[in-house]
Amino acid sequence: MKIIADSAIPFLQGVLEPWAEVRYLPGSEIAPEEVRDADALLIRTRTRCDERLLGGSRVRLIATATIGFDHIDTAWCAAHGIRVCTAAGCNARGVLQWAGAVLAHLARTQGWQPAGRTLGVVGVGHVGSLVKEYAETWGFRVLCCDPPREAREHCGFLPLEEVARQADILTFHTPLDDTTRRMAGDALFARMKPGAVILNSSRGEVVDGAALLRSGLACVLDVWEHEPAIDRRLLARTLLATPHIAGYSEQGKANATAMSVDTLARFFGLPLAGWYPPQAAPSTPRPISWQELCTTIGGAFDIEAQSRSLKARPEDFEPMRDHYRYRREYF
Ligand SMILES: O=C(O)[C@H](O)[C@H](O)COP(=O)(O)O
């Protein structure tokens, strides 16, 4: 069996080798000629999986060590018998930590307390649910929007326009698909309070960057249209900017690798089910008060320093991701 794996997936080297020939390549360099005789791909967001890459190959399984899957043409894969598995929820606590760092920064620099703020959460899956849960304990009034969940579960979520209208802070946690691409554009921004802040840690294409610039709204961005070639005018306008590292916690990465290995193990019958990287301790979730968050988050994740680095060297967007020191999850 031959597996092509992204060389930037941590904790993976040596794990699959007893059962497979594993070839490691940078994600953006995984090419049709490498893939042709592979049985499985273990990838990240940097490998576009479509007919161009996969056509004529013998690939039967793609495991992506990410929660997002917009880099995979899932319809083409389904039509050609290729199973696609994601690492759903793997880095939700890492993104929660990013959101906590942003909220603590905004509270300090804008001089407010959560009790007086309405937080709109768009997309209430693994990440949005956690953000909602913690933000409520921190004292925010939280309004949620998730049309697919609302249709299924009737959980009292509101339409996007209504959440946007009431929000002081609007944070996006949706997957990128045809229903969410550019869901935040001119019409939505026009409904928002002039002092509202947009947070995006989902996918850059969920927010229309040109419309965001036109709106004059403040924003904090982790994800960008056309990464890594990000819009410098938008970058200059952000209150904080990070290079798509919101989910880059040590545990998030370990979870992603473990889930991908588990996927391969189950599919090919390898005795690796339940494996977890021995170098990484799984996170031990706990509640954290707003006061504790505000006094500890800077030591765990200096988002302001990260933002200064990106603003100073936007051309290093991808190297900053490649050499990122994964943060520890502590709540
Ligand atoms: O989809 C995800 O899981 C996140 O966007 C993740 O942070 C992307 O990770 P990468 O492809 O850089 O490993």
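About the cut-offs
- Residues numbered from 1 in each chain as written.
- Predicted model: local features only at pLDDT ≥ 70, side-chain atom pairs only at ≥ 80, totals over all residues.
- Heavy atoms only, no water.
- Helix = DSSP H or I, 4+ residues; strand = E, 2+ residues; numbered from the N terminus.
- Rg over C-alpha atoms; globule rule 2.2 N^0.38 Å.
- Contact = heavy atoms within 4.5 Å.
- Lys, Arg positive; Asp, Glu negative; His and termini not counted.
- Charge placed at Lys NZ, Arg CZ, Asp CG, Glu CD.
- Buried < 20%, exposed > 50% of the residue type's maximum accessible area, 1.4 Å probe, protein only.
- Arc of directions from axis to C-beta.
- Near = heavy atom within 4 Å.
- Polar contact = N/O pair within 3.5 Å; in protein donor to acceptor, adjacent residues only side chain to side chain.
- Areas by Shrake-Rupley, 256 points an atom, 1.4 Å probe, with all protein chains shown as cover.
- Nonpolar A, V, L, I, M, F, W, Y, C, P; charged D, E, K, R; others polar.
- pLDDT = per-residue confidence, 0-100.
- Phe/Tyr/Trp six-rings, centres within 6.5 Å; stacked < 30°, edge-to-face > 60°.
- Lys NZ or Arg CZ within 6 Å of the ring centre and 35° of its normal.
- Salt bridge = Lys/Arg side-chain N within 4 Å of Asp/Glu carboxyl O.

(A) Summary view of the overall build of the protein. When helices and strands are counted, the protein shows 14 helices and eleven strands. Over its C-alpha trace the protein gives a radius of gyration of 20 Å, about what one expects of a compact globule, namely 20 Å for 331 residues. Residue pairs in contact within the protein that sit at least 24 positions apart in sequence constitute 58% of those at least 6 positions apart. Side chains of the protein give 37 positive and 39 negative charges; the mean places of these two sets differ by 3 Å.

(B) View of helix α13 (residues 303-312). Among the residues making up α13, those that are buried are I303, Q306, S307 and L310. The buried residues of α13 occupy an angular sector of 100° when the element is viewed end-on, so they sit on one face. Of the residues in α13, the exposed ones pointing more than 90 degrees away from the buried face are R308 and A312. Buried positions along α13 lie against α4 (92-110), α10 (232-237), β11 (238-241) and α14 (317-322).

(C) Region of interest: the site of the ligand. In the neighbourhood of the ligand, the contacting residues comprise R44, T45, T66, I67, G68, N91, R203, H244, Y248, K253 and R321. One nitrogen or oxygen atom from the main chain of I67 is found 2.7 Å from an oxygen atom belonging to the ligand. Summarising the interface, the protein chains cover 96% of the accessible area of the ligand, which totals 350 Å² for the free molecule. Class assignment of the residues belonging to the shell around the ligand gives a composition of two nonpolar, five polar and four charged.

(D) Structural context of the confidence of the model for the protein. Mean pLDDT over the protein stands at 98; residues scoring 70 or higher make up 100%. Predicted as a complex, the structure gets a pTM of 0.97 and an ipTM equal to 0.98.

(E) Here's a closer look at the packing of aromatic side chains. Evaluated as defined, the whole model comprises nine aromatic pairs. Between the aromatic rings of F140 and W290, the centroid separation amounts to 5.7 Å while the plane-to-plane angle is 85°, which identifies the pairing as edge-to-face. Of this pair, F140 sits in the loop between α5 (126-138) and β7 (141-145) while W290 sits in helix α12 (residues 290-300), placing them 150 residues apart in sequence. Residues F140 and W290 agree in their burial class; the two are buried. Where Y330 meets F331, the ring centres are 5.0 Å apart and the plane angle is 90°; that geometry is what we call edge-to-face. For F331, a relative accessible area of 3% corresponds to the buried category. Within the aromatic cluster, the residues linked to one another by ring pairs are W112, Y134, W138, F140, W290, Y330 and F331. Over the ring of F301 we find R327; its NZ or CZ atom is 4.0 Å from the centre of that ring.

(F) Local environment of the pattern of salt bridges. Applying the stated criterion to the full structure yields 23 salt bridges. With a closest N to O distance of 3.0 Å, E225 and R182 form a salt bridge. Of this pair, E225 sits in the loop between β10 (218-221) and α10 while R182 sits in the loop between β8 (169-172) and α8 (186-191), and the two are 43 residues apart along the sequence. Given a relative accessible area of 47%, R182 falls into the partly exposed group.

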